[in-house]
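The lines below spell out each chain.
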Amino acid sequence: MHTPSRRSVLTSGAALAAIIAAPARLRAAPREIVIGGPAGAAKYFNADLFPVLEKKLDCKVLYEGTNSLTNLQKMQADKAAPKISVVIMDDPVMLPAASDGLITKMSASSIANLGKLVDGSVHQDGMWANYQRPWAGIAYSTKRMKTAPGKWSDLWDAKYASRVIVPSLSNTEGFWTLLAAAHLETGKPYKEAQYEIDAAFKKVKELKANLLNVYTNAPQAINLMEQGEAWMIGGQFSAYTLIRKAEGSPVDLAVPQDGGFAMPSGIAKVNGAPAGDLADAVIDFFLSPEAQIILADKAFVAPTNKGTPTPAGFPDPASLFAPDWAFVAKNRASWVDRWSKEMT
Amino acid sequence: MTEAALPAPLAAPSVDRERLAAIGFVLPSFVIIAGVFALPLVLLLGVSIVDANGLTLANYKRLLGTPYYLGVVWNSLRLGLLTTLIAFLISYPAAFALARARGPLRSVLLATLFLPLAASVIVKAFAWTILLRSDGIVNETLMALGIIEDPIRMIFTETALIVGAVNIFLPFMILPIYAIVAQLDSRYAEAAATLGASPLVTFVRVILPLTLPGIVAGVALVFSLSVSAYVVPTLLIGEKYPTLATAIAKAYLLAREPGFGAAAGVVLLAIAIAVVTLSARLSREPK
């Protein structure tokens, strides 16, 4: 009978150890994290932001890009066993998410950059934070309009009959048309006008003759403006229009003299999120100057971290109005209903 | 041992065994249909008639008792009816042309019918907005032909919606009619002619009744698809033409009123079932 030599025992032992160790090596593969967020951001997130994030945190990002309300619906359906760890939604949708217990409070102890944001960026004691501030104004076709629209009232000008598109109130940016209408009808500053909804509806009805369409699908609206079919889109924002402009489309974004608006892009940790520690790290990254410099450069959004320089050409953040989103969130469904009845 | 265990080779299977086999074949599809389709529909109905205080018909009262929502129901019906009618008028002769075509021509015609099915409905709806815009091919052609002087607005109008919907759902009307027409025995028409029937009488009394099953199937398909379409009205006309499908999306996603959304879903389903049932009955009518 053949007696095993010392060498063959060692070789076999090493092979066995390698086999046993293999699963450990597989376990060391990057961890996965699901981030839910806007479909419109998917392109620049995937191209410019996630590669840096994945390298830095040694993880793999699975991005679910859809609109905020759909993500909210998904989170409600998956409340018992959440799949999304980090959610990126606008403030008016964060409000119901917070009150339904779908997102959880964050703290500066686990997310250091939370304490380094400009005033007004952290909401409900850390329930969510703004990682960027796109600005909204009037997007216009440079092919059709030689001079940029200067005032919100330009949207109502009779010479633009059937040339104007506005966002649906179902979209966050849909509120800007209503707010501008309230301001024009009452003559009051935005801060007071935002609560004058009857006046807003009175004025917005006068916009009917100029409306080509009311969009829920932003890419289609932008597309029509790029083709020159629509001349202006009221309430469009930088992270959409200026990206298209940078890609060579004949469009631009004007901030009217009576003032532009600040879009509320928030990020939050999902309650009971899988990979909780990784979720903290991802949120910290979004709030860091490293990520915000990329976003400002690629998506034309104002940074919220005090340590991030605001690029030249961006409007003064102090000049941008941020409304009472709690008031908007509370009333939006009834406004949508009213809009449908009065505008169709 | 083996011989004893074998069944009598020539004995016919008993009725019970036949029935058991039939049940065995039906069971998987029954389980899928019951679990995946019927159960959610029962749940949908439940959500529409139950609120925090118990049973209620409030959602149905709101939907069928307010002029605005009656308008929404009418918009859906109008979209379904106009799309189905126009699709039928185009499809019927097209199905005959397809059935009579031979060789490569038939392959080309079938390919033109099937290939668009591979493209997403979103792509097709987007394409229509390009074709119908003021400097799009439709306006340019009409101007070149001298039919219009200036471009007319076509996008985001009901005309655009119906044109787009007909184009998108057309194959679902042509194919069932074609399937019947292809099997039509030409000797029936010849026999009618021999007996002195004019072409019109032959068509009305012979051809049309024989192709009725195909028409009924096409109508049921196109109507169900167009009455419940969401993407097509959203992209081709937008908010100015609210339909039951867009009302359902708003109720669930925005207003967070699942009860009302479910009621709208039940009404939409009832409309579709009514049309399909009616169609099925029509096709069984004695000739």
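Note that this is a predicted model, so its numbers are computed, not measured.

Chemist: Describe in detail the overall build of chain A, supporting the description with residues and values.
Modeler: When helices and strands are tallied, chain A shows 12 helices and 13 strands. Across its three principal axes, chain A shows a C-alpha extent of roughly 105 × 40 × 40 Å. Across chain A, the fraction of contacts at a sequence separation of at least 24, relative to all contacts at a separation of at least 6, is 73%. Counting every atom, chain A has about 14,700 Å² of accessible surface; 55% of that belongs to carbon and sulfur. Once the 36 positive and 33 negative side-chain charges of chain A are each reduced to a mean point, those two points are 5 Å apart.

Chemist: Please give an account of unusual backbone geometry that cites residues and values.
Modeler: Residue and element names in this part refer to chain A. A positive phi angle, close to 45°, is found at Q124, a residue other than glycine. Secondary-structure assignment places Q124 in the loop between strand 5 (122-123) and strand 6 (128-132). A positive phi is found at F300, a non-glycine position, where the angle reads about 55°. Mapped onto the fold, F300 is located in the loop between helix 11 (289-299) and helix 12 (325-343).

Chemist: Please provide a residue-by-residue account of helix 6 (residues 121-132) of chain B, values included.
Modeler: With 12 residues, helix 6 of chain B should reach 16 Å at 1.5 Å per residue; the first-to-last C-alpha distance of 17 Å fits that figure. Restricting attention to buried positions, one finds in helix 6 of chain B the residues B:K124, B:A125, B:W128, B:T129 and B:L132. On an axial view of helix 6 of chain B, the arc spanned by its buried residues comes to 145°, and they lie on one face. Residues of helix 6 of chain B that are buried in the fold lie against helix 8 (218-226) of chain A together with helix 5 (103-118), helix 7 (137-144), helix 8 (158-169) and helix 12 (231-236) of chain B. A side-chain oxygen of the first residue of helix 6 of chain B lies 2.9 Å from the backbone nitrogen of B:I122; this N-cap is B:S120.

Chemist: Describe the interface of chain A and chain B, with residues and values.
Modeler: Taken together, the 32 residues of chain A in the interface contact 25 residues of chain B. When the two sides are added together, the surface that chain A and chain B hide from each other amounts to roughly 2,400 Å², 54% of it contributed by carbon and sulfur. Three residues, A:Q220, A:Q227 and A:E229, lead the burial of chain A against chain B; their summed loss comes to 22% of the area buried on that side. Here chain A and chain B share 1 salt bridge between them. Counting the contacts that link chain A with chain B gives 8 residue pairs in polar contact (both at pLDDT 80 or more). Listed by contribution, the elements that provide at least two residues to the side of chain A that touches chain B are helix 3 (68-77), strand 9 (211-215), helix 8 and helix 12 of chain A. The biggest single contributor to the side of chain A that touches chain B is helix 12 of chain A, with 7 residues. Class assignment for the residues of the side of chain A that touches chain B results in 11 nonpolar, 14 polar and 7 charged.

Chemist: Could you give an account of the environment of A:A129, naming the residues involved and the relevant values?
Modeler: Residues and elements named next belong to chain A. Within the fold, A129 resides in strand 6. Look at A129 and you get buried, because its relative accessible area is 0%. Separated by 41 residues in sequence, A129 and I88 place their C-alpha atoms 9.6 Å apart. When residues no more than four places from it in sequence are discounted, the contact partners of A129 are M106, L114, L117, S121, V122, S265, G266, I267 and L287.

Chemist: I'd love a proper account of the domain arrangement of chain B, names of residues and values included.
Modeler: Residue and element names in this part refer to chain B. Domain boundaries in chain B define domain 1 (14-56) and domain 2 (59-284). Relative to domain 2, the C-alpha centre of domain 1 lies at a distance of 30 Å. Contacts between the two partners involve 6 residues from domain 1, matched on the other side by 10 residues from domain 2. Considering only the side of domain 1, the residues that lose the most area to domain 2 are L44, V47 and S48, jointly responsible for 68% of the buried surface there. At the surface where domain 1 touches domain 2, the tally comes to 2 residue pairs in polar contact (both at pLDDT 80 or more). Class assignment for the residues of the side of domain 1 that touches domain 2 results in 5 nonpolar, 1 polar and no charged.

Chemist: Run through the domain arrangement of chain A, naming residues and quoting values.
Modeler: Think of interface size as the accessible area that goes away when the parts come together; that is how it is often given. Residue and element names in this part refer to chain A. Per the domain assignment, the segments making up chain A are domain 1 (27-133 + 264-313) and domain 2 (135-262 + 323-343). The gap between the C-alpha centroids of domain 1 and domain 2 is 27 Å. Of the roughly 1,200 Å² buried where domain 1 meets domain 2, counting both sides, 69% is carbon and sulfur surface. The three residues of domain 1 that bury the most area against domain 2 are P92, P264 and F300, which together make up 41% of that side's buried surface. Counting across the domain 1 and domain 2 interface gives 3 residue pairs in polar contact (both at pLDDT 80 or more). Mapped onto the side of domain 1 that touches domain 2, the elements with two or more residues apiece are helix 2 (42-57), helix 4 (91-99) and helix 11. Here the residues of the side of domain 1 that touches domain 2 sort into 10 nonpolar, 1 polar and 5 charged.

Rules used in this analysis
Residues numbered from 1 in each chain as written. Chains lettered and ligands numbered in written order. Predicted model: local features only at pLDDT ≥ 70, side-chain atom pairs only at ≥ 80, totals over all residues. Heavy atoms only, no water. Helix = DSSP H or I, 4+ residues; strand = E, 2+ residues; numbered from the N terminus. Contact = heavy atoms within 4.5 Å. Areas by Shrake-Rupley, 256 points an atom, 1.4 Å probe, with all protein chains shown as cover. Lys, Arg positive; Asp, Glu negative; His and termini not counted. Charge placed at Lys NZ, Arg CZ, Asp CG, Glu CD. Expected span 1.5 Å × (residues − 1). Buried < 20%, exposed > 50% of the residue type's maximum accessible area, 1.4 Å probe, protein only. Arc of directions from axis to C-beta. Polar contact = N/O pair within 3.5 Å; in protein donor to acceptor, adjacent residues only side chain to side chain. Buried area = accessible area lost by both parts, 1.4 Å probe. Salt bridge = Lys/Arg side-chain N within 4 Å of Asp/Glu carboxyl O. Nonpolar A, V, L, I, M, F, W, Y, C, P; charged D, E, K, R; others polar. Domains from an automatic or database assignment.

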